[in-house]
Amino acid sequence: MPDQHHTRHRAGLATVLAEWGRIGCIGFGGPPAHIALLRKLCVEDRRWLDPQEFEDAIAACNLLPGPASTQLAIFCAWRVRGRAGALVGGAAFILPGLIAILALAALFLGDPPTWVKAAGAGAGAAVAAIALQAGTSLIPAGFKRAAQHSNRRRWAAYLLLGTAAAATVGPWLVLVLIACGIAEVLAQRLPAPERRPSSAVPLLAAAGLGGGVLLPLAWTALKVGALSYGGGFVIIPLMQADAVEQHHWMTAAEFLNAVALGQITPGPVVHTVAVVGYAAAGLAGGMLAAAVAFSPSFAFILLGADRFDRLRGNQRVRAFLDGAGPAAVGAILGSAVPLVRALSEPWQYAVLAGAALLTLGLRRGPVLTLLTAATAGVVIVAAGAGLPG
């Protein structure tokens, strides 16, 4: 979709800043909420996009690695006001939640009062249940798609591989996702594509960021923003392996707090990486991690939005996602294993059971579940239970 296609419904940058900033402030609930808010604004209220174009944009963003709802927000702003709109709208969508989560990180990762630690321990205990809810909600649509475009047995195998990888190999999860995608391309036996000049998408390079903690922090953030197919909870095992097990920037309990904060603040779940950055190198580390993690999303849209139609029609891209997609869903499910292993107090398992009942049994949303678990943690610790070490 070239520039002349999206000048028909041009809005001012002030309008983009206000509307996308509003969504950034009220966008609790993750990608489903973000998509609903963007659809209401861009399709129903302002009619900047027609319904089919919006659905096509969702599909194209889901073909890209990284946070799909963030990419959709940037794309819609690009469609409304061009590249300047994409930069302003994307920043307005991201910044409110980023400011909120960095403020909460300073509270939870500093020397907080006992009730704050208790709330964090309670919310952290519920995170594994939220991950299971996120993964199971994606299974029906993926299984149906497999019947139409791929093979259900291969789909199930990729799902199991992703689950096992997230539960066991941690840092190597990305390689498993890529391997599943390549395996499906080979399995579908697609003809070789015509040779044509390729346009590489430049990503924010880690070189020049300095040694010490910044270089591995930038690499962790880059994996989250550019190499995580499926977005959302698939980033958890990637971050946990680096932040807790390899570099020891934070304890397992602090990582659970970080994931919980990413759920109860508005905006994309990828904001969680800012808490990891804060734990590694303070405020500068949090801002660096966020900048690196979100830069690929801006690059993908600014350099490739006018090629979305070609991307969606590319059989090899679709085949790759037919393999990497179910592996990413499996990774979300498998992330529950290290999250459960991170619990250390017996009462946290009771909170986890209650959270599983709320999310999987009563189908309550993540924000309500985490706030309920946090309240339970405060009450239980006030009654004399211990805090995680």
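Just so we're clear, the structure is a prediction, and the values are computed from it rather than from any experiment.

**Q** Looking at this structure, I do not really get the state of the cysteines. What am I missing?
**A** Here a disulfide denotes one covalent bond, and it connects the sulfur atoms of two cysteines. Scanning the entire structure with this criterion turns up zero disulfides. C61 forms no disulfide, and the closest cysteine sulfur to it belongs to C76, at a distance of 7.7 Å. Overall, C61 belongs to the buried group, its relative accessible area being 1%.

**Q** What is the right way to read the environment of R10 from this model?
**A** Here R10 is to be found in the segment before α1 (13-26). Note on R10: relative accessible area 41%, which makes it partly exposed. Taking the C-alpha atoms as reference points, R10 and G85, separated by 75 residues in sequence, lie 9.5 Å from one another. What R10 contacts, discounting residues up to four positions off in sequence, is V80, R81 and G82.

**Q** So what exactly am I meant to see when it comes to the packing of aromatic side chains here?
**A** The relative placement of two aromatic rings is captured by the distance of their centres and the angle of their planes. Counted according to the given criterion, the structure contains three aromatic pairs. Considering the side-chain rings of F75 and W78, the 5.5 Å spacing of their centres and the 35° angle between planes classify their relative orientation as tilted. Of this pair, F75 and W78 are both found in helix α4 (residues 68-109), three residues apart, which corresponds to roughly one turn of the helix. Both residues of the pair, F75 and W78, count as buried. Ring geometry for F143 and W155: centres 5.4 Å apart, planes at 70°, overall edge-to-face.

**Q** What should I look at first to understand the pattern of salt bridges in this one?
**A** Should the charged atoms of two oppositely charged side chains come close, the side chains can pair. If you walk through the whole model with that rule in mind, you get eight salt bridges. Across the salt bridge formed by R22 and E19, the nearest N and O atoms sit 3.1 Å from each other. With R22 and E19 both in helix α1 and three residues apart, this pair spans about one turn of that helix. Given the relative accessible area of 37%, R22 is considered partly exposed. Classification of E19 as buried rests on a relative accessible area of 14%. Here K40 and D45 are joined by a salt bridge, their closest N and O atoms 2.9 Å apart. By relative accessible area, D45 is classed as partly exposed at 46%. Among the ionic contacts, a cluster of salt bridges with common partners joins E19, R22 and R46.

Thresholds, definitions, all that
- Residues numbered from 1 in each chain as written.
- Predicted model: local features only at pLDDT ≥ 70, side-chain atom pairs only at ≥ 80, totals over all residues.
- Heavy atoms only, no water.
- Disulfide = S-S within 2.5 Å.
- Buried < 20%, exposed > 50% of the residue type's maximum accessible area, 1.4 Å probe, protein only.
- Helix = DSSP H or I, 4+ residues; strand = E, 2+ residues; numbered from the N terminus.
- Contact = heavy atoms within 4.5 Å.
- Phe/Tyr/Trp six-rings, centres within 6.5 Å; stacked < 30°, edge-to-face > 60°.
- Salt bridge = Lys/Arg side-chain N within 4 Å of Asp/Glu carboxyl O.

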